[in-house]
Amino acid sequence: MEVPSGSLFLLCFLLLFATLPDPAAAVRIPDSGRRQPSQPLRVAVFALGSFWRSEAVFGCLPGVVRTSVGYAGGSKTNPEYRNLGDHAECVQVEYDPKLIQFKQLLDVFWASHDPRQVFGQGPDVGNQYRSIIFTNGTLEARLAAASKEREQTKSRSSIVTTQIQQLGTFYPAESEHQKFELKHNPFLLQLTGDMPEEELLTSSLAAKLNGYAAELCHSGIQKKIVAKINEIRKNGWPILREV
Ligand SMILES: *[C@@H]1O[C@H](CO)[C@@H](O)[C@H](O)[C@H]1NC(C)=O
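Residues numbered from 1 in each chain as written. Predicted model: local features only at pLDDT ≥ 70, side-chain atom pairs only at ≥ 80, totals over all residues.

Helices and strands together make up the secondary structure of the chain, namely nine helices and eight strands. In the chain, which comprises 243 residues, the share counted as buried stands at 35%. Counted over contacts in the chain with a minimum sequence separation of 6, partners at least 24 positions apart contribute 73%. (Helix = DSSP H or I, 4+ residues; strand = E, 2+ residues; numbered from the N terminus. Buried ≥ 20, exposed ≤ 12 C-beta atoms within 10 Å, placed from the backbone. Contact = placed C-beta atoms within 7 Å.)

The following block contains the structure:
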């Protein structure tokens, strides 16, 4: 059989590479965009108090691909952290609708804050910490209204303050607020190979570790991350790429 020398060379080249140690041991491969969901991702936005914590709440959920924090719900253009006007601190959640649905995100929303607290959330006081569900389309609006009614029936003596608003402009927050919990955990950040700022924004791994850093992951995923970390400790494998 005649084999053109060019393809023979290519074959040798490939074989050589197949026998080398995993190049990822030395070179970090970005994890963003590696997942290829069969359906387009969907976007949901919620306000439930400090957005540092809100991002951590949703980041660990199976089916959530990306998270980021920002401002929405008000009228001020180009809000900033120290000057956000009438906006609320929000988390934007990009999710794969085959793996998790808006309805389940609503359950997490209700379970993760006290929607009866007025003018604040937890220790944080102010209008920017109010509770809002943003909806896109009539189905989401119906689901949100029904879930709020259910929440209200749980306790008739106090009012559920949560607003339901049509999803409008989401203004991304300054970078120091993105993946805040992960950024304040040097050990975890190092495990990612000190992921650069732009990648922290889009990485699924960063979203999960951000939740883990805040101890807000469910026990299943929590155990998985602990196991990965222990494996890295044992093997000296330097970089966590996926959980
Ligand atoms: C609402 O959802 C549709 C897809 O169903 C999307 O194209 C559109 O951008 C969404 N609107 C907003 C404001 O995100």
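Another aspect to go through is the sheet that holds strand S3 (residues 88–95). The strands that make up a sheet are held in pairs by hydrogen bonds between backbone atoms, and each pair lies either parallel or antiparallel. Read across the sheet, six strands follow the order S7-S6-S1-S3-S2-S8 without closing on themselves; strand pairing throughout is mixed. Each having just a single partner strand, strand S7 (163–166) and strand S8 (171–172) make up the two edges of the open sheet. As judged from the five bridges shared by strand S1 (residues 42–48) and S3, these two strands associate in the antiparallel manner. By the bridge assignment for S3, Phe46 is matched with Val91. Across the sheet, helix H3 (residues 102–111) is in contact with S1, S3 and strand S6 (131–135); its angle to S1 comes to roughly 15 degrees. (Pairing = 2+ DSSP bridges. Axes fitted to C-alpha atoms, helices over the stretch in contact; angles between N-to-C directions.)

Next up on the list: the nonpolar core. A general tendency of soluble globular proteins is for nonpolar side chains to be buried together. Counting 47 residues, the largest nonpolar core has Phe46, Val64 and Cys90 as its most contacted members. At the level of elements, S1, helix H2 (51–59), strand S2 (64–72), S3, H3, S6, helix H5 (180–183) and helix H8 (204–213) are the ones that each hand at least two residues to this core. Look past the residues within four positions of Phe46 in its chain and what remains in contact with it is Ser54, Cys90, Val91, Phe109, Ile132, Ile133 and Phe134. (Core = buried A, V, L, I, M, F, W, Y, C linked by C-beta atoms within 7 Å.)

So, about the environment of Leu209. Tracing the chain through its elements places Leu209 in helix H8. Between the alpha carbons of Leu209 and Lys183 there is a distance of 9.8 Å; along the sequence they are 26 residues apart. Leu209 has contacts with Leu182, Leu188 and Thr192, leaving out every residue within four places of it along the chain.

Of note, Asn78 is a non-glycine position whose phi angle comes to about 50 degrees, a positive value. In this structure, Asn78 sits in the loop between S2 and S3. Phi at Glu215 is positive, roughly 55 degrees, even though this residue is not glycine. Looking at where Glu215 falls in the secondary structure, it is placed in the loop between H8 and helix H9 (219–235). Given 9 C-beta atoms within 10 Å, Glu215 falls into the exposed group.

Looking now at H9. Taking 1.5 Å per residue as the helical rise, H9 with its 17 residues ought to reach 24 Å, and the 24 Å between its terminal C-alpha atoms agrees with that figure. Counted residue by residue, H9 has one buried out of 17 residues, so it is predominantly exposed. One or two residues past the end of H9 sits Gly236, with phi positive at roughly 70 degrees. (Expected span 1.5 Å × (residues − 1).)

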